Amino acid sequence: MSCKFRTNDEVVIIAGKDKGKKGIITKIVGNKVLIRGINLVLKHQKSIPSKNILGGKIHKESFINISNVSHFCTTTNKKSKIGFKFINKKKVRYFKCSKLFF
């Protein structure tokens, strides 16, 4: 079975401290996703003079479990589930709420 989430999909957070926020998936690793601008954590970074990286406290995006994320349909402005259909022998994804393919 193929994964329902792919990079550059627009999603909404359905659980956790960022519940209700929308973002775009930048990376998928196993059952965790990295979303741009969501789940920011404070990281203490050591300076690396040879690479011109300054040390200090930085805000960094952290991974979220894929079960806490749902697709966001821009036409209905709601979260939606994803379905699969075969069109011309090619498997495509569609929103179940609006029947739009993407």
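Predicted model, so just to flag it, every value in this text is computed and none were measured. (Residues numbered from 1 in each chain as written. Predicted model: local features only at pLDDT ≥ 70, side-chain atom pairs only at ≥ 80, totals over all residues. Heavy atoms only, no water.)

The next point concerns the overall build of the protein. The number of helices and strands found in the protein is zero helices and 10 strands. Secondary structure elements in the protein, listed N-terminal to C-terminal, are β-β-β-β-β-β-β-β-β-β. Taking the principal axes of the C-alpha coordinates as reference, the protein spans close to 55 × 30 × 20 Å. A total of 102 residues make up the protein; the buried ones form 25% of that total. Looking at the protein, you have 24 positive and 4 negative side-chain charges, and the mean spots of the two groups are 7 Å apart. (Helix = DSSP H or I, 4+ residues; strand = E, 2+ residues; numbered from the N terminus. Buried < 20%, exposed > 50% of the residue type's maximum accessible area, 1.4 Å probe, protein only. Lys, Arg positive; Asp, Glu negative; His and termini not counted. Charge placed at Lys NZ, Arg CZ, Asp CG, Glu CD.)

The next point concerns the sheet that holds strand 8 (residues 78–80). Neighbouring strands of a sheet are bound in pairs by backbone hydrogen bonds; such pairs are parallel or else antiparallel. The six strands are arranged 6-3-2-1-7-8 in an open sheet whose pairing can be described as antiparallel. Because the sheet does not close on itself, it has two edges, and the strands there are strand 6 (64–65) and strand 8. Direction of pairing for strand 2 (residues 22–29) relative to strand 3 (residues 32–35): antiparallel, over a ladder of four bridges. Opposite isoleucine 28, over in strand 3, you have valine 33 as the bridge partner. (Pairing = 2+ DSSP bridges.)

What follows is about the pattern of salt bridges. Applying the stated criterion across every chain yields a total of two salt bridges. Measuring nitrogen to oxygen at the nearest pair gives 3.2 Å for the salt bridge that ties lysine 21 to aspartate 18. Of the residues examined, lysine 21 reaches a relative accessible area of 42% and is grouped as partly exposed. Given a relative accessible area of 9%, aspartate 18 falls into the buried group. (Salt bridge = Lys/Arg side-chain N within 4 Å of Asp/Glu carboxyl O.)

Glancing now at a positive patch on the surface. Together, Lys4, Lys19, Lys79, Lys81, Lys85, Lys96 and Lys99 make up a positively charged patch on the protein surface. Mapped onto the elements, lysine 96 comes out in the segment after strand 10 (90–95). Take lysine 96: its relative accessible area is 42%, and that puts it in the partly exposed class. (Patch = residues over 30% accessible without salt bridge, like charges linked within 9 Å, V, L, I, M, F, W, Y side chains within 5 Å. Areas by Shrake-Rupley, 256 points an atom, 1.4 Å probe, with all protein chains shown as cover.)

Glancing now at the layout of surface pockets. By volume, the largest pocket amounts to about 180 Å³. Per-element accounting of the lining of the largest pocket gives the leading share, three residues, to strand 7 (residues 69–73). A breakdown of the residues in the lining of the largest pocket according to their chemical character gives five nonpolar, three polar and four charged. (1 Å grid on protein atoms, 1.4 Å probe; cavity = no way out; pocket = protein on both sides within 12 Å on 5 of 7 lines; lining within 4 Å. Points joined across faces, edges and corners; volume = space filled by probe spheres on them. Nonpolar A, V, L, I, M, F, W, Y, C, P; charged D, E, K, R; others polar.)

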